[in-house]
Amino acid sequence: KAGVTQTPRYLIKTRGQQVTLSCSPISGHRSVSWYQQTPGQGLQFLFEYFSETQRNKGNFPGRFSGRQFSNSRSEMNVSTLELGDSALYLCASSLVGGNSPLHFGNGTRLTVT
Amino acid sequence: SQQGEEDPQALSIQEGENATMNCSYKTSINNLQWYRQNSGRGLVHLILIRSNEREKHSGRLRVTLDTSKKSSSLLITASRAADTASYFCATDIPDSSNTGKLIFGQGTTLQVKP
């Protein structure tokens, strides 16, 4: 079975721009969650989708949004980028969500200049 | 705020030694999970222990859970250089409004010297 695939692997953007990150979950997994990882804040939950519905959202501003498609693939979007958005963005899929093991992709490293 | 806090923040040992990492959390949980992360890559799930379990084994890994103390420990026996990584505990929040959300600790960075 193919693992979780995140694209792109690296991204460099300028302040004020927007960015879209993509995640393809493991086949059959209906839950996709996103996490932001920074040296200062560690791993922070962004949001979780299950069968195209957002079930939960972390404490991030509205500039961070996401969606899930009918094939369970997910995208997250960050608008009006700020320097502090520089981070490793990790996507994880699972069968049912938080009570089952998460399978992570290798992340997208976003650098905002 | 972080649910989990891990101790120590960094650990350096020789190959063959055992490594113990501890995790404390604040609220009640359904389960606690441990993950490993190699530098700059995604996390890999190691083990899940449910709140009604006290100990669980997987290969060279042994996890204990003490819900009365809200703490867990991960023991890696006979460590290898390949075990060098960061280790995170993660807990859920048994509240329907928090479905699908895991709270991660800050992690323990383990270095195993050959």
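For the structure, check the block above.
Residues numbered from 1 in each chain as written. Chains lettered and ligands numbered in written order. Predicted model: local features only at pLDDT ≥ 70, side-chain atom pairs only at ≥ 80, totals over all residues. Heavy atoms only, no water.

Asks: Tell me about the overall build of chain A, and name the residues and values.
Replies: On a plain count of helices and strands, chain A comes out with 0 helices and 11 strands. Shown N-terminal to C-terminal, the secondary structure of chain A runs as helices and strands in the order β-β-β-β-β-β-β-β-β-β-β. For chain A, whose C-alpha radius of gyration is 13 Å, the value lies close to the compact-globule estimate of 13 Å for 113 residues. Overall, chain A is about 35 × 25 × 25 Å in size when its C-alpha atoms are taken along their principal axes. A total of 113 residues make up chain A; the buried ones form 51% of that total. The contacts of chain A with a sequence gap of at least 6 include a subset with a gap of at least 24, amounting to 54%. (Helix = DSSP H or I, 4+ residues; strand = E, 2+ residues; numbered from the N terminus. Rg over C-alpha atoms; globule rule 2.2 N^0.38 Å. Buried < 20%, exposed > 50% of the residue type's maximum accessible area, 1.4 Å probe, protein only. Contact = heavy atoms within 4.5 Å.)

Asks: Describe the overall build of chain B, naming the residues involved and giving the relevant values.
Replies: Broken down by element type, chain B carries 0 helices and 11 strands. Taking 2.2 N^0.38 as the reference for a compact globule, 114 residues should give roughly 13 Å; the C-alpha atoms of chain B span a radius of gyration of 14 Å, in line with that estimate. Along the three orthogonal principal directions, the C-alpha set of chain B runs to about 45 × 30 × 20 Å. Here chain B holds 114 residues, and 46% of them are scored as buried. Within chain B, counting contacts between residues at least 6 apart in sequence, those at least 24 apart form 55% of the total. Taken as a whole, chain B presents about 5,300 Å² of accessible surface, with 44% of it coming from carbon and sulfur. Side chains of chain B carry 13 positive and 11 negative charges; the gap between the two charge centres is 3 Å. (Areas by Shrake-Rupley, 256 points an atom, 1.4 Å probe, with all protein chains shown as cover. Lys, Arg positive; Asp, Glu negative; His and termini not counted. Charge placed at Lys NZ, Arg CZ, Asp CG, Glu CD.)

Asks: Quick one: what's the story with the sheet that holds strand S8 (residues 74–78) of chain A, residue by residue and with numbers?
Replies: All names here are of chain A. An order of S1-S3-S8-S7 is seen for the 4 strands of this open sheet, with the pairing classed as antiparallel. On the outer flanks of this sheet lie strand S1 (5–7) and strand S7 (64–68), each paired with one strand and no other. Averaged over all adjacent pairs, the angle separating strand axes in this sheet is 15°, with direction ignored. Pairing between strand S3 (residues 19–24) and S8: 5 bridges, direction antiparallel. Bridging from a neighbouring strand, serine 22 pairs with glutamate 75 of S8. (Pairing = 2+ DSSP bridges. Axes fitted to C-alpha atoms, helices over the stretch in contact; angles between N-to-C directions.)

Asks: If you had to explain the sheet that holds strand S7 (residues 61–66) of chain B to someone new, which residues and values would you point to?
Replies: Residue and element names in this part refer to chain B. Taken in spatial order, the 5 strands line up as S1-S3-S8-S7-S6 in an open sheet, and their pairing is antiparallel. For this open sheet the edge positions go to strand S1 (5–7) and strand S6 (55–58), each flanked by a neighbour on one side alone. The sheet shows a mean angle of 15° between the axes of neighbouring strands, direction not considered.

Asks: Account for the pairing of S6(B), naming residues and giving values.
Replies: All names here are of chain B. Relative to S7, S6 runs antiparallel, the two being bridged by 4 bridges. Across the sheet, the residue bridging to histidine 57 is arginine 62, located in S7. If you look at the hairpin formed by S6 and S7, you'll find 2 residues sitting between the two strands, and glycine 59 has a positive phi there, around 60°.

Asks: Please give an account of the interface of chain B and chain A that cites residues and values.
Replies: Listed as interface residues are 23 residues of chain B and, on the opposing side, 25 residues of chain A. Counting the surface lost from both chain B and chain A, the interface buries some 1,800 Å², and carbon and sulfur atoms represent 47% of this. Connecting chain B to chain A are 0 salt bridges. Where chain B packs against chain A, one counts 5 residue pairs in polar contact (both at pLDDT 80 or more). When contributions to the side of chain B that touches chain A are tallied by element, the ones reaching two or more residues are strand S4 (31–37), strand S5 (43–50), strand S9 (85–92) and strand S10 (102–104) of chain B. (Buried area = accessible area lost by both parts, 1.4 Å probe. Salt bridge = Lys/Arg side-chain N within 4 Å of Asp/Glu carboxyl O. Polar contact = N/O pair within 3.5 Å; in protein donor to acceptor, adjacent residues only side chain to side chain.)

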